[in-house]
Amino acid sequence: MRLSRYFLPVLKETPAEAQIVSHRLMLRAGMIKQASAGIYSWLPLGFKVLRRVEQIVHEEQIRAGHLPMLMPTIQSADLWRESGRYDAYGAEMLRITDRHERDMLFTPTAEELITDIFRAHVTSYRDLPLTMYQIQWKFRDEIRPRFGVMRGREFLMKDGYNFDLTKEDALHAYNRHLVSYLRTYERMGLQAIPMRADSGPIGGDDTHEFLVLAETGESEVFYDSEITDLRFGDREIDYDDHAQCRAVLDEFTSRYARTDETHDPAIFEQIPEERRRVARGIEVGQIFYFGTKYSEPMGAVVTDGEGNRVPVHMGSHGIGVSRLVGAIIEACHDENGIVWPEGVTPFHAGIVNLKQGDVSCDAACEGLYKALTAAGLEPLYDDREERAGAKFATMDLIGLPWRITVGPRGLGNGVVELTSRKTGESEEMSPEAAVDRIVAIYSGAA
Ligand code: ATP
Ligand code: MG
């Protein structure tokens, strides 16, 4: 993409309405624009990051054997009356009446609708296990929408639902989700810690929230510092192997890590004092096992091996896709702007032409642009007639991990400059070597 043809409405001033750094930077970098309270348009740069985050979520869900699908945002209230949640959900549910005076709602979550799909089509244990998920917009009429996309009213969520014959199988589905979530967040450059949590209106016995540590997080968290040493890494996992998935759950949940809702000071105080941490975190996901809470009232039953009709065991599992964009920025920024992890960056590298209109600079930039594009990468070429300082400031603000700077002096010696956004370190090399280096980085070879 050439910056001269892009829509990147960067703001020079810090917007007064934004209280936290991710919200400020998303506005300043022209990623989002508020449409009304807690409701945002995603401008081209923001949308690119949202799509990258979404893509990682899809890839990891599919890797775990979960089936992508899509349910509508507007649902009939009738199903929610069957489960008893139409009244229970309260003021957070946006209720709509259509022209025929039918009660509709904008989905805050989709347990009822997926259960309705299941009961219409699945009658035998032979069709289990089954896990389906969607990435779809949700609406919750939050009393205090704030912090930009972190607590919106309309937000993008991945919600997945497992159907299993037995509690044991459903707990395997729970563990499988935990493993897939660990992989998902790590690919985004985040450490998200699974913490014992409270089940809230979704209900259930077993639940963990995934929290990214950040001073601006809305949740108070208590944990044993040893947990922050754990990494999932690139280990191979067989998602059908119950013992393997269970072992990962044990590894990542054996140390104390809880939100304030489930915090138990008596247990916490048994941790050696130097390892006790009280901090704040951003909830970027949650997994639940809730057994037959929906399958019983809604009649989602199957015949088991002996011919008995039994309600299925279920769970639901959410990832805050749009919130993650903010959470990543909270975790990855400095005083000059965003510092995207390579896994979610909107463009792989920036090209800065220090002397637009100079024949050799222009040609070198075009060559870099073509070579990176041919390698399957997306460069952002700042081809505007702007001062070098302004170009650098824009690149720093939007946070691309790598910048190639092309100027007449360097080109005279056959070199360009490759700069890491994260460390600020620059290295001179030939244009070909810069392309090779960037290609190697994104193919995981460097
Ligand atoms: P919270 O406690 O933050 O209100 P929740 O526990 O009600 O969230 P879940 O039902 O667990 O939310 O939804 C799954 C995920 O969706 C959450 O972990 C969070 O990342 C995201 N999410 C929930 N509410 C919002 C919101 N208002 N804006 C953006 N993302 C949200
Ligand atoms: Mg939650």
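Peer 1: Report on the side chain of S83, specifying residues and quantitative values.
Peer 2: For S83, the position within the fold is in helix 3 (residues 77-83). Side-chain polar atoms of S83 contact the backbone oxygen of W80, separated by 3.3 Å. Setting aside its immediate chain neighbours within four residues, S83 contacts E112, Y294 and M298.

Peer 1: Provide a residue-level description of the pattern of salt bridges, including the pertinent values.
Peer 2: For the structure shown, the criterion picks out 29 salt bridges. Taking the shortest distance from any N to any O, the salt bridge between R85 and E111 comes out at 2.8 Å. Taken as a pair, R85 in helix 4 (residues 85-88) and E111 in helix 5 (residues 111-121) lie far apart in primary sequence, 26 residues in all. In this structure, the salt-bridge partner of R421 is D396, at a minimum N-O distance of 3.8 Å.

Peer 1: So, the domain arrangement of the protein chain: which residues are in play, and what are the values?
Peer 2: On domain assignment, one finds that the protein chain holds domain 1 (3-337) and domain 2 (347-443). Using C-alpha coordinates to define each centre, domain 1 is positioned 37 Å away from domain 2. Contact residues are listed per partner, giving 14 residues for domain 1 and 13 residues for domain 2. In total, about 1,200 Å² of surface goes out of reach between domain 1 and domain 2, with carbon and sulfur atoms giving 63% of it.

Peer 1: Could you give an account of the site of ligand 1, naming the residues involved and the relevant values?
Peer 2: Taken together, 14 residues are adjacent to ligand 1, and R140, E142, R151, G152 and E283 come closest. One nitrogen or oxygen atom from the side chain of R140 is found 3.0 Å from an oxygen atom belonging to ligand 1. Measuring from an oxygen atom of ligand 1, one finds a side-chain N or O atom of R323 at 3.0 Å. Burial of ligand 1 by the protein chains amounts to 84% of its free accessible area of 580 Å². Counting atoms within 2 Å of the grid points, the majority share of ligand 1 lands in the largest pocket. Listing elements by their share of the shell around ligand 1, those giving two or more residues are strand 8 (154-164) and strand 13 (276-291). Among the elements that make up the shell around ligand 1, the one with the highest residue count is strand 13 (4 residues). For the shell around ligand 1, a count of residues per class yields 5 nonpolar, 4 polar and 5 charged.

Peer 1: Can you tell me about the layout of surface pockets, naming the residues and giving the values?
Peer 2: There is about 960 Å³ of room inside the largest pocket. Lining the largest pocket are 41 residues, and of these R140, R151, E283, Q286 and R323 sit closest to its centre. Elements with a minimum of two residues in the lining of the largest pocket: strand 8, strand 13 and strand 16 (313-320). Looking at the lining of the largest pocket element by element, the count peaks at 7 residues for strand 13. Split by residue class, the lining of the largest pocket holds 13 nonpolar, 15 polar and 13 charged. Each pocket or cavity is described by its volume, and for the second largest pocket that value is around 370 Å³. Considering the residues around the second largest pocket, the lining is formed by R52, Q55, I56, E59, E186, R187, G189, P341, E342, G343 and Y442.

Peer 1: Outline helix 12 (residues 388-398), listing residues and values.
Peer 2: Those residues of helix 12 that sit buried are A390, K391, T394, M395, L397 and I398. Projected down its long axis, helix 12 carries its buried residues within an arc of 165°, all on one side. In this structure, the buried side of helix 12 is in contact with helix 1 (21-28), helix 2 (44-63), strand 18 (337-338), strand 19 (349-353), strand 20 (379-382) and strand 21 (402-406). Looking one or two residues beyond helix 12, the residue adopting positive phi is G399, at roughly 75°.

Peer 1: Could you give an account of helix 7 (residues 242-253), with specific residues and numbers?
Peer 2: Between its terminal C-alpha atoms helix 7 stretches 16 Å, which fits the 16 Å expected from 12 residues at 1.5 Å a residue. Turning to helix 7, its buried residues are C245, V248, L249 and F252. Projected onto a plane normal to the axis of helix 7, the buried residues spread over an arc of 100° and lie on a single side. Looking at the buried positions of helix 7, the neighbouring elements they touch are helix 6 (167-187) and strand 9 (192-196). In this structure D241 caps helix 7, since a side-chain oxygen of it lies 3.0 Å from the backbone nitrogen of A243.

Peer 1: I'd like to hear about unusual backbone geometry, residue by residue, with values.
Peer 2: Each neighbour pair has its own omega, and for L128 with P129 the value is 0°, a cis peptide bond. Of note, P129 is situated in the loop between helix 5 and strand 7 (130-139). At E101, a residue that is not glycine, the phi angle is positive and equals roughly 65°. Following the sequence through the fold, E101 ends up in the loop between strand 5 (94-97) and strand 6 (103-106). A residue is classified by how much of its surface remains accessible, and E101, at 63% relative accessible area, is exposed. With a phi close to 60°, F147 is a non-glycine residue in the positive phi region.

Peer 1: Give me the lowdown on the sheet that holds strand 6, citing residues and values where you can.
Peer 2: One open sheet holds the 3 strands; their spatial order is 4-6-5, and the pairing between them is antiparallel. Pairing within the sheet leaves two strands with one partner each, and these edge strands are strand 4 (74-76) and strand 5. Taking the axes of each pair of neighbouring strands and ignoring which way they run, one obtains an average angle of 35° across the sheet.

Peer 1: I'd like a description of the coordination of the magnesium ion (ligand 2), backed by residues and values.
Peer 2: The protein atoms that coordinate the magnesium ion (ligand 2) are E283 (OE) and Q286 (OE1), at distances of 1.9 to 2.1 Å. Judged by relative accessible area, Q286 falls into the buried class, the value being 11%.

Peer 1: Now, about the sheet that holds strand 22 (residues 416-420): what can you tell me, with residues and values included?
Peer 2: Spatially, 20-19-21-22-23 is the arrangement adopted by the 5 strands of the open sheet, whose pairing is mixed. With partners counted over all chains shown, the strands left at the sheet margins are strand 20 and strand 23 (426-429), one partner each. On average, each strand axis in the sheet is tilted by 20° relative to the strand beside it, whichever way the strands run. Note: strand 19 against strand 20, 4 bridges, orientation parallel. Across the sheet, residue G350 finds its bridge partner in strand 20, namely L380. The strands touched by helix 12 are strand 19, strand 20 and strand 21; relative to strand 19, the strand with the most contacts, the crossing angle is about 175°.

Rules of the game
Residues numbered from 1 in each chain as written. Chains lettered and ligands numbered in written order. Predicted model: local features only at pLDDT ≥ 70, side-chain atom pairs only at ≥ 80, totals over all residues. Heavy atoms only, no water. Helix = DSSP H or I, 4+ residues; strand = E, 2+ residues; numbered from the N terminus. Polar contact = N/O pair within 3.5 Å; in protein donor to acceptor, adjacent residues only side chain to side chain. Contact = heavy atoms within 4.5 Å. Salt bridge = Lys/Arg side-chain N within 4 Å of Asp/Glu carboxyl O. Domains from an automatic or database assignment. Buried area = accessible area lost by both parts, 1.4 Å probe. Near = heavy atom within 4 Å. Areas by Shrake-Rupley, 256 points an atom, 1.4 Å probe, with all protein chains shown as cover. 1 Å grid on protein atoms, 1.4 Å probe; cavity = no way out; pocket = protein on both sides within 12 Å on 5 of 7 lines; lining within 4 Å. Sits in = over half its atoms within 2 Å of the grid points. Nonpolar A, V, L, I, M, F, W, Y, C, P; charged D, E, K, R; others polar. Points joined across faces, edges and corners; volume = space filled by probe spheres on them. Buried < 20%, exposed > 50% of the residue type's maximum accessible area, 1.4 Å probe, protein only. Arc of directions from axis to C-beta. Expected span 1.5 Å × (residues − 1). Pairing = 2+ DSSP bridges. Axes fitted to C-alpha atoms, helices over the stretch in contact; angles between N-to-C directions. Donors = N, O, S within 2.8 Å, 3.2 Å for Na, K, Ca; no water.

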